[in-house]
Amino acid sequence: MDWIGAILENIREMECPCCGARLASCAVKGITAEADALVVRLACGVCGENSVAVVKRDGAADREPITRDDVLDAHEFLKGWHGPVRDLISAA
């Protein structure tokens, strides 16, 4: 399956966090690609709200899924972040 096929397969049943519409017909834009996952921006076709999703690639090693608490922790961290984005994503 190609990368866009993997994304569409994974988001087919997802709902927009803002309006609850199905994201099956959303706009998809790639943000980054890792060895085992893709990070994409999804724009709801109904309300236009943007979301970010991590889509696991086929054959990727099994790992713990990201939880709602992980997302909330990241949100709280980013709310207080005042540095450049490159400092967040640079290799450690």
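### Details of the confidence of the model for the chain
Where the model shows low pLDDT, its predicted coordinates should not be examined in detail. Confidence along the chain averages 77 in pLDDT terms, with 82% of residues attaining 70 or more. Per-element averaging of pLDDT across the chain places helix α1 (residues 3-11) at the bottom with 68 and helix α2 (residues 68-79) at the top with 85.

### Concerning the packing of aromatic side chains
Counted under the stated rule, the structure contains one aromatic pair. With a centroid separation of 5.6 Å and an interplanar angle of 35°, the aromatic rings of Phe77 and Trp81 are classed as tilted.

### Side note on the pairing of strand β3 (residues 50-56)
Burial of β3 is one-sided: the residues Ser51, Ala53 and Val55 facing one way are buried, the residues Asn50, Val52, Val54 and Lys56 facing the other way are not. Where strand β2 (residues 37-43) lies against β3, seven bridges are found, and the strand directions are antiparallel. Across the sheet, Val39 pairs through a bridge with Val54, a residue of β3. Linking two consecutive strands that pair antiparallel, namely β2 and β3, is a turn of six residues; a positive phi of about 85° is found at Gly48 within it.

### Some details on the nonpolar core
Within the largest apolar cluster, 10 residues are counted, these being Ile11, Cys16, Ala21, Leu23, Cys26, Val40, Leu42, Cys44, Ala53 and Val55. At the level of elements, β2 and β3 are the ones that each hand at least two residues to this core. Sequence-distant contacts of Cys26, that is, excluding residues within four places in its chain, are made with Ile11, Leu42, Ala43, Cys44 and Gly45.

### Structural notes on α2
If you check α2, its first and last C-alpha atoms are 16 Å apart, about what 12 residues at 1.5 Å a residue would give, namely 16 Å. With respect to burial, α2 is a largely exposed element, only zero of its 12 residues being buried.

Rules and cut-offs
- Residues numbered from 1 in each chain as written.
- Predicted model: local features only at pLDDT ≥ 70, side-chain atom pairs only at ≥ 80, totals over all residues.
- Heavy atoms only, no water.
- pLDDT = per-residue confidence, 0-100.
- Helix = DSSP H or I, 4+ residues; strand = E, 2+ residues; numbered from the N terminus.
- Phe/Tyr/Trp six-rings, centres within 6.5 Å; stacked < 30°, edge-to-face > 60°.
- Buried < 20%, exposed > 50% of the residue type's maximum accessible area, 1.4 Å probe, protein only.
- Pairing = 2+ DSSP bridges.
- Core = buried A, V, L, I, M, F, W, Y, C linked by side-chain atoms within 4.5 Å.
- Contact = heavy atoms within 4.5 Å.
- Expected span 1.5 Å × (residues − 1).

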